[in-house]
Amino acid sequence: MMSVLFPPMTKYWFYNRIKALLVALNCYIIGYQTARKWLKDRKERKLEFDDIAHYQKIIVALTETDQLMTAIYKIGIEYV
């Protein structure tokens, strides 16, 4: 039987994944928590593979948006 090697799950790896998810879940865009609303709208549905892949893309986009907003805040540019 062939074994599959996975990257080691260190506490830092786990922490970074949880932190990214929490940032995305708490991110407000135009008054909505986008990631939470997306899940809430699909509450009674079984999520297919494509749905989960799409949700992962939403999480990545929200996390990167938060990183950009933090960088903008640090250099002092005002945004609306």
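Scroll up to find the structure this text is about.
The rules behind the values
Residues numbered from 1 in each chain as written. Predicted model: local features only at pLDDT ≥ 70, side-chain atom pairs only at ≥ 80, totals over all residues. Heavy atoms only, no water. Helix = DSSP H or I, 4+ residues; strand = E, 2+ residues; numbered from the N terminus. Buried < 20%, exposed > 50% of the residue type's maximum accessible area, 1.4 Å probe, protein only. Contact = heavy atoms within 4.5 Å. Expected span 1.5 Å × (residues − 1). Patch = residues over 30% accessible without salt bridge, like charges linked within 9 Å, V, L, I, M, F, W, Y side chains within 5 Å. Areas by Shrake-Rupley, 256 points an atom, 1.4 Å probe, with all protein chains shown as cover. Salt bridge = Lys/Arg side-chain N within 4 Å of Asp/Glu carboxyl O. Core = buried A, V, L, I, M, F, W, Y, C linked by side-chain atoms within 4.5 Å.

Student: Would you mind showing me how to read the overall build of the chain here?
Tutor: A tally of helices and strands in the chain yields 3 helices and 2 strands. Counting helices and strands in the order they occur from the N terminus, the chain gives α-β-β-α-α. Split into buried and exposed, the 80 residues of the chain put 15% on the buried side. Taking the contacts inside the chain whose residues are at least 6 apart along the sequence as the reference set, 42% of them involve residues at least 24 apart.

Student: Before we go on, may I ask you to explain helix H3 (residues 49–75) in this structure?
Tutor: Helical geometry: 3.6 residues make up each α-helical turn, so side chains three or four residues apart lie on a common side. The terminal C-alpha atoms of H3 lie 40 Å apart, and with 27 residues this matches the ideal 39 Å at 1.5 Å per residue to within 8%. Along H3, the residues classified as buried are Asp51, Tyr55, Ile58, Ile59, Leu62 and Thr63. Positive phi shows up at Gly76, right after H3, with a value of about 90°.

Student: Honestly, the side chain of Asp51 in this entry has me stumped. Any pointers?
Tutor: Turning to its location among the elements, Asp51 is positioned in helix H3. Classification of Asp51 as buried rests on a relative accessible area of 15%. Every residue in contact with Asp51, bar those within four places of it in the chain, is listed here: Trp38, Arg45 and Lys46.

Student: Whenever I open this one, a nonpolar patch on the surface confuses me. Can you help?
Tutor: Together, Phe14, Ile18 and Leu22 make up an exposed nonpolar region whose accessible area comes to about 280 Å². Mapping Leu22 onto the fold places it in helix H1 (residues 11–25).

Student: Would you explain the side chain of Thr63 in this entry?
Tutor: Relative to the assigned elements, Thr63 resides in helix H3. Discounting residues that sit within four places of it in the chain, Thr63 has contacts with Ala20 and Ala24.

Student: It is not clear to me how the nonpolar core should be interpreted in this structure. Could you clarify?
Tutor: Soluble, globular proteins show a tendency: their nonpolar side chains are buried together. Counting 9 residues, the largest nonpolar core consists of Ala24, Leu25, Cys27, Ala35, Trp38, Tyr55, Ile58, Ile59 and Leu62. If you list the elements that add at least two residues to this core, you get H1, helix H2 (34–41) and H3. Residue contributions to this core peak at 4 residues, all from H3. What Ala35 contacts, discounting residues up to four positions off in sequence, is Ala24, Leu25, Tyr55, Ile59 and Leu62.

Student: I tried to follow the environment of Ala35 on my own but got confused; where do I start?
Tutor: Structurally, Ala35 can be placed in helix H2. Along the backbone, Ala35 and Leu21 are 14 residues apart, and their C-alpha atoms lie at a distance of 9.3 Å.

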